[in-house]
Amino acid sequence: MRAASSPPARIWRFLKRTDWPLLPVAGLILAVGLVMQWSVGGAQDFPMGHAVRMAAVGIACAFGAAIPARVWRSQAWLGYAGCILFLISVFVIGDSTNNARRWIDLGGGFKLQPSEFAKLGIILALARYFASRPRPRRMTDLATPALLTVVPFGLILIQPDLGTALSTVPLFLGLVWLAGTPARVMRWFFILPVLLAPFAFLAIQDYQRERIETWWHQDDLSEEEIADAGYHLWHAKLAIGSGGLTGHGWGQGPENRLDRLPERHNDFIFPVIAEEFGLLGSLGFLLLYSLLPITAFLRAARYRDPFTRLVIAGIGVHFATHLCLNVGVSSGAWPTTGLPLPMVSWGGSSMAVSGLLLGVALSVGAAPAPLFERRAYGDDD
């Protein structure tokens, strides 16, 4: 008994039960991010700032993993409420930059973006809700989960931060589907947006409408549009196309070296990868990054406990969403909007939240005993 409760024994049990395959994949992605930030910085000076952010990923991951799974589950509502209050606080004490309030200045050059932390709150709240109730059968069964998502969505949208707000929608749809919602109900979440799209287009701000119009005819832009609303998209596609099959080489991309690609350290980091390593390097990177959500989905399938399964799968949805939206925006598949690529882009809050999400996945995956709900046994009544 004494040996079983010793620290080495507890560590061994943690390593044996946890979803540790997520860590080497995340480590490789972080390494790619460091290499690319080094290139963006000029390939001369080591990107110490990004290295510090990488350390934040490790610290946040360790913090998330150290909190027992039962605490993440029992305090899910408290965590969600804390995220909502954090979002509200940005309107009171947040910095206003370019007519937007998205960050809270901590001093010393450190800023936090509350909208990034809201994603963890949504995952925990939806997993907690669905884990303790029968499978949703009707649209009315999804009223509360929809409200849990709409509140942070709305608070993020009015900052305004359309990209981050939209990234919460796949979280909702993914967890609703994984909770067992039938296809006849799920289809309405695809029909309704199509019907409401014209009204949404009229409700968004002028600069957002201009971005959508520019994206719609991106292959026929005038010189004036290329110099204005289409500047980001034009140079991103130019960088991707110029990479060819094997690329120009690390630190040798023309768009990167000549500083013609805006936000290349953050939202438009993928075009730098494509420009310097070409089609083959881009495909290799996409495969590597895809392994993170795929690994999360495969690991989630091992668990019968609904909360554990939904949390780990929800974390996979988070990384898959950011990959699809970030790469889609920079390649012209989606209208231009700001959204970082976690663990590759520069954003400090995104890096910290990525580490925290990985830590939560490790924690709930290593629970010493399944936190079974009624639904774990197939009881939906």
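Everything discussed here concerns the structure shown above.
An account of the accompanying structure is given in this report. Treat the numbers as computed from the prediction; the structure is a model and nothing was measured.

## Considering the packing of aromatic side chains
(1) Moving on: Inspection of every chain in the model, using the stated rule, returns seven aromatic pairs.
(2) Moving on: Arranged with centres 5.4 Å apart and planes meeting at 80°, the rings of Phe172 and Phe189 form a pair that is edge-to-face. Linking Phe172 in helix α8 (residues 162–178) with Phe189 in helix α10 (residues 188–203), this pair joins segments that are 17 residues apart in sequence.
(3) Moving on: Owing to a relative accessible area of 17%, Phe189 belongs among the buried residues under this scheme.
(4) Moving on: An aromatic cluster of at least three residues, connected via ring pairs, comprises Phe270, Phe285 and Tyr289.

## Remarks on a nonpolar patch on the surface
(1) Moving on: There is a patch of nonpolar side chains on the surface, built from Met139, Trp188, Ile191, Leu192, Leu195, Leu196 and Phe199 and spanning about 670 Å² of accessible area.
(2) Moving on: Residue position: Leu192 is located in helix α10.

## Considering the nonpolar core
(1) Moving on: Within the largest apolar cluster, 82 residues are counted, with the highest numbers of intra-cluster contacts made by Leu292 and Met343.
(2) Moving on: Counting residues per element, this core draws most heavily on helix α6 (residues 114–131), at 12 residues.
(3) Moving on: Setting aside chain neighbours within four positions, we find Met343 in contact with Ala26, Ile29, Leu30, Gly33, His50, Leu292, Phe319, Met351, Ser354 and Leu358.

## Observations regarding the environment of Trp216
(1) Moving on: Its place among the elements puts Trp216 in helix α11 (residues 206–216).
(2) Moving on: Residues Trp216 and Ala333, 117 residues apart in the sequence, show an inter-C-alpha distance of 9.8 Å.

## Some remarks on the pairing of strand β2 (residues 100–107)
(1) Moving on: Both strand β1 (residues 95–97) and β2 contribute to a ladder of three bridges, which runs antiparallel. The partner of Asp95 across the bridge, within β2, is Trp103.
(2) Moving on: Where β2 and strand β3 (residues 110–112) come together, three bridges link them in antiparallel fashion. Across the sheet, Asp105 pairs through a bridge with Lys111, a residue of β3.

## A closer look at a negative patch on the surface
(1) Moving on: Taken together, the side chains of Glu210, Glu213, Glu224 and Asp228 make up a negatively charged region of the molecular surface.
(2) Moving on: You can see Glu224 is positioned in helix α12 (residues 223–226).
(3) Moving on: Under the relative-accessibility criterion, Glu224 is labelled exposed at 66%.

## Topic: the packing of helix α5 (residues 76–93) against α6
(1) Moving on: Running from amino to carboxyl end, α5 crosses α6 at an angle of 150°, the nearest separation of the two axes being 8 Å. Here α5 is positioned roughly antiparallel relative to α6, judged by the angle of their axes. The chirality of how α5 crosses α6 is left-handed. On α6, the residues touching Ala76, Trp77, Tyr80, Cys83, Phe86, Leu87 and Val90 of α5 are Pro114, Ser115, Phe117, Ala118, Gly121, Ile122, Leu124, Ala125, Arg128 and Tyr129.
(2) Moving on: Considered class by class, the residues forming the contact of α5 with α6 number 14 nonpolar, two polar and one charged.

The rules behind the values
Residues numbered from 1 in each chain as written. Predicted model: local features only at pLDDT ≥ 70, side-chain atom pairs only at ≥ 80, totals over all residues. Heavy atoms only, no water. Phe/Tyr/Trp six-rings, centres within 6.5 Å; stacked < 30°, edge-to-face > 60°. Helix = DSSP H or I, 4+ residues; strand = E, 2+ residues; numbered from the N terminus. Buried < 20%, exposed > 50% of the residue type's maximum accessible area, 1.4 Å probe, protein only. Patch = residues over 30% accessible without salt bridge, like charges linked within 9 Å, V, L, I, M, F, W, Y side chains within 5 Å. Areas by Shrake-Rupley, 256 points an atom, 1.4 Å probe, with all protein chains shown as cover. Salt bridge = Lys/Arg side-chain N within 4 Å of Asp/Glu carboxyl O. Core = buried A, V, L, I, M, F, W, Y, C linked by side-chain atoms within 4.5 Å. Contact = heavy atoms within 4.5 Å. Pairing = 2+ DSSP bridges. Lys, Arg positive; Asp, Glu negative; His and termini not counted. Charge placed at Lys NZ, Arg CZ, Asp CG, Glu CD. Axes fitted to C-alpha atoms, helices over the stretch in contact; angles between N-to-C directions. Parallel < 35°, antiparallel > 145°, perpendicular 65-115°, else oblique. Left-handed = near helix turned anticlockwise from the far one by under 90°. Nonpolar A, V, L, I, M, F, W, Y, C, P; charged D, E, K, R; others polar.

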